[in-house]
There are 2 protein chains.
Amino acid sequence: MSSDAHPPEASWIEVSTENCSVQAALRVVGNKWALLVLRELFNGVRRFDEICVHAGISEAVLTRRLKELVTEGVVEARPYREAGQRPRQEYVPTAAGWDLFPVVVALLQWGDRHRAPQAGGSWRVSHRVCDTPVEVRVVCPDHPLEHIDHHGTRTAPGPSAITRTP
Amino acid sequence: MSSDAHPPEASWIEVSTENCSVQAALRVVGNKWALLVLRELFNGVRRFDEICVHAGISEAVLTRRLKELVTEGVVEARPYREAGQRPRQEYVPTAAGWDLFPVVVALLQWGDRHRAPQAGGSWRVSHRVCDTPVEVRVVCPDHPLEHIDHHGTRTAPGPSAITRTP
């Protein structure tokens, strides 16, 4: 343990945010267009022109966002060619990209609950087996049936916590 | 069902994104600072000066972000007064704000997994009862023990889907 490793009783304000994982994730998706591009890819809209039109993104912005998402390893460009057409690319989520699926579904769930409570959402994600709409939950792997909210959690510095220098 | 309600066999590209719940949620948190402010509030850092210093946000940006979060109903300003000090405000998540907890924990989980795989994270969120680190999962309420990923889901237009006009 290095001398700047954090004592276990520390609170969040005493821990440096420089290596915060939320922040690291937001370097990839801390931008609404990045998340809207992922929404398109997750739902099978994967061609440049189609993403532009469907999500209402300008070509310049989409080019930049896709480049960043590819650089960050969450999206992969794959060549495809339709009969009689020139070769083109489509964009597919990588395994790391699919790990952002819960983030997008959590946003969908929040929007359905708080911005479309009467109407129901315009898009539903359901369990393939029984078609029940899925939920995003905070779960304890050792007590998977318990529905945990923030009252059921505690927070503490993790293994790579660094003490903040004031 | 109105004439523009969507037939059930439709795919995402045929549905308008204008009333998409992901998009509605991103009007509130589609900005990295909004999510970093929520990270601070969720972890008990709730005073203006402390949030500025800890998250590394300028006063001008924090003022703007807090105003938006209050307007959107996810954060509430509460007066407090310490002995001998002038009255001040602290910022606390509302119930709708706490409903964004899974979004922030999902980002934390992604960052821990993909940007700090060796080190472990700098901040852990665990189950209060047993201290096991929590996970954010996509869950079917009717099959809560099943670990669902995107392969286990299907998507379809929801009740308020509107056909996209090309």
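These numbers come from a predicted model, not from an experiment. (Residues numbered from 1 in each chain as written. Chains lettered and ligands numbered in written order. Predicted model: local features only at pLDDT ≥ 70, side-chain atom pairs only at ≥ 80, totals over all residues.)

## Some points on the overall build of chain A
Here comes step 1: When helices and strands are tallied, chain A shows 6 helices and 6 strands.
Here comes step 2: For chain A, the sequential pattern of α-helices and β-strands runs α-α-α-α-β-β-α-α-β-β-β-β.
Here comes step 3: Since a compact globule built from 166 residues should have a radius of gyration of about 15 Å, the 20 Å found for chain A marks it as more spread out than a globular shape.
Here comes step 4: Across its three principal axes, chain A shows a C-alpha extent of roughly 65 × 40 × 30 Å.
Here comes step 5: Burial analysis of chain A (166 residues in total) assigns 42% to the buried set. (Helix = DSSP H or I, 4+ residues; strand = E, 2+ residues; numbered from the N terminus. Rg over C-alpha atoms; globule rule 2.2 N^0.38 Å. Buried ≥ 20, exposed ≤ 12 C-beta atoms within 10 Å, placed from the backbone.)

## A closer look at the environment of Cys-130 of chain A
Here comes step 1: Looking at the element boundaries, Cys-130 of chain A is found in the loop between strand 3 (123-127) and strand 4 (135-140).
Here comes step 2: Judged by the 10 C-beta atoms lying within 10 Å of it, Cys-130 of chain A falls in the exposed class.
Here comes step 3: In this view, Cys-130 of chain A contacts Cys-140, Asp-142 and His-143 of chain B; residues no more than four positions away in its chain are not counted. (Contact = placed C-beta atoms within 7 Å.)

## Section: the interface of chain A and chain B
Here comes step 1: At the junction of the two partners, chain A supplies 84 residues and chain B supplies 84 residues.
Here comes step 2: For the side of chain A that touches chain B, the leading source of residues is helix 6 (residues 101-115) of chain A, giving 14 residues.
Here comes step 3: Partitioning the side of chain A that touches chain B into residue classes produces 45 nonpolar, 25 polar and 14 charged.
Here comes step 4: As paired elements, strand 4 of chain A and strand 4 (residues 135-140) of chain B share 5 bridges and run antiparallel to each other. Bridge assignment links Val-139 of chain A to a residue of strand 4 of chain B, and that residue is Glu-135 of chain B. (Nonpolar A, V, L, I, M, F, W, Y, C, P; charged D, E, K, R; others polar. Pairing = 2+ DSSP bridges.)

## A short note on the relation of the copies chain A and chain B
Here comes step 1: Of the transformation superimposing chain A on chain B, the axial component is 0.0 Å and the angular component is 180°, with the fit at an RMSD of 0.0 Å. Here the transformation between the copies is reduced to the relation of a two-fold axis.
Here comes step 2: Same-surface contact between copies: 100% of interface residues of chain A are shared with the interface of chain B. (Least-squares fit on C-alpha atoms with pLDDT ≥ 70 in both.)

## Here's the deal with the nonpolar core
Here comes step 1: One finds Val-103, Val-104 and Leu-107 of chain A together with Val-103, Val-104 and Leu-107 of chain B to be the most contacted residues of the largest nonpolar core, which totals 88 residues.
Here comes step 2: Apart from residues no more than four positions distant in its own chain, Val-103 of chain B is found in contact with Val-103, Ala-106, Leu-107 and Trp-110 of chain A together with Val-29 of chain B. (Core = buried A, V, L, I, M, F, W, Y, C linked by C-beta atoms within 7 Å.)

## As for the sheet that holds strand 4 of chain B
Here comes step 1: Across the sheet, 4 strands lie side by side as 5(A)-4(A)-4(B)-5(B); this open sheet has antiparallel pairing. Strands with a single pairing partner mark the edges of an open sheet, and in this sheet they are strand 5 (143-148) of chain A together with strand 5 (143-148) of chain B. Geometrically, the sheet is characterised by an average inter-axis angle of 60° between neighbouring strands, direction not taken into account. (Axes fitted to C-alpha atoms, helices over the stretch in contact; angles between N-to-C directions.)

## Topic: the environment of Pro-157 of chain A
Here comes step 1: Considering the arrangement of structural elements, one finds Pro-157 of chain A in strand 6 (residues 153-157).
Here comes step 2: Linking Pro-157 of chain A and Gly-84 of chain A, residues 73 residues apart in sequence, is a C-alpha distance of 58 Å.

## A look at the confidence of the model for chain A
All names here are of chain A.
Here comes step 1: For chain A, per-residue confidence averages 92 on the pLDDT scale, and 94% of positions sit at 70 or higher.
Here comes step 2: Long-range and interchain partners of residues 1-8, a stretch whose pLDDT sits below 50, account for 10 contacts in this model, where long-range means more than four residues apart.
Here comes step 3: Prediction confidence for the complex, expressed as pTM and ipTM, is 0.93 and 0.93 respectively. (pLDDT = per-residue confidence, 0-100.)

## Brief notes about helix 2 (residues 32-42) of chain A
Here comes step 1: Summarising burial for helix 2 of chain A: 10 of the 11 residues are buried, a large majority.
Here comes step 2: All of the buried residues in helix 2 of chain A are Trp-33, Ala-34, Leu-35, Leu-36, Val-37, Leu-38, Arg-39, Glu-40, Leu-41 and Phe-42 of chain A.

## Concerning unusual backbone geometry
Residue and element names in this part refer to chain A.
Here comes step 1: In this structure, Asp-131 is a non-glycine residue whose phi angle is positive, near 65°.
Here comes step 2: For Asp-131, the location among the structural elements is in the loop between strand 3 and strand 4.
Here comes step 3: A count of 12 C-beta atoms within 10 Å places Asp-131 in the exposed class.

## Details of the environment of Cys-140 of chain A
Here comes step 1: Relative to the assigned elements, Cys-140 of chain A resides in strand 4.
Here comes step 2: Given 21 C-beta atoms within a 10 Å radius, Cys-140 of chain A is considered buried.
Here comes step 3: Spatially, the C-alpha atoms of Cys-140 of chain A and Gly-152 of chain A are 9.7 Å apart, while their sequence positions differ by 12 residues.
Here comes step 4: Beyond its immediate chain neighbours, meaning those up to four positions away, Cys-140 of chain A contacts Glu-146 and Ile-148 of chain A together with His-127, Cys-130, Thr-132 and Val-134 of chain B.

## Topic: the packing of helix 6 of chain A against helix 1 (residues 21-29) of chain B
Here comes step 1: The interhelical angle for the contact between helix 6 of chain A and helix 1 of chain B, taken along N-to-C directions, is 85°, at an axis separation of 7 Å. Considered as vectors, helix 6 of chain A and helix 1 of chain B are oriented roughly perpendicular to each other. On helix 1 of chain B, the residues that touch Val-104, Leu-107, Leu-108, Trp-110, Gly-111, Asp-112 and Arg-115 of chain A of helix 6 of chain A are Ser-21, Val-22, Ala-24, Ala-25 and Leu-26 of chain B.
Here comes step 2: Per-class residue counts for the contact of helix 6 of chain A with helix 1 of chain B are 8 nonpolar, 2 polar and 2 charged. (Parallel < 35°, antiparallel > 145°, perpendicular 65-115°, else oblique.)

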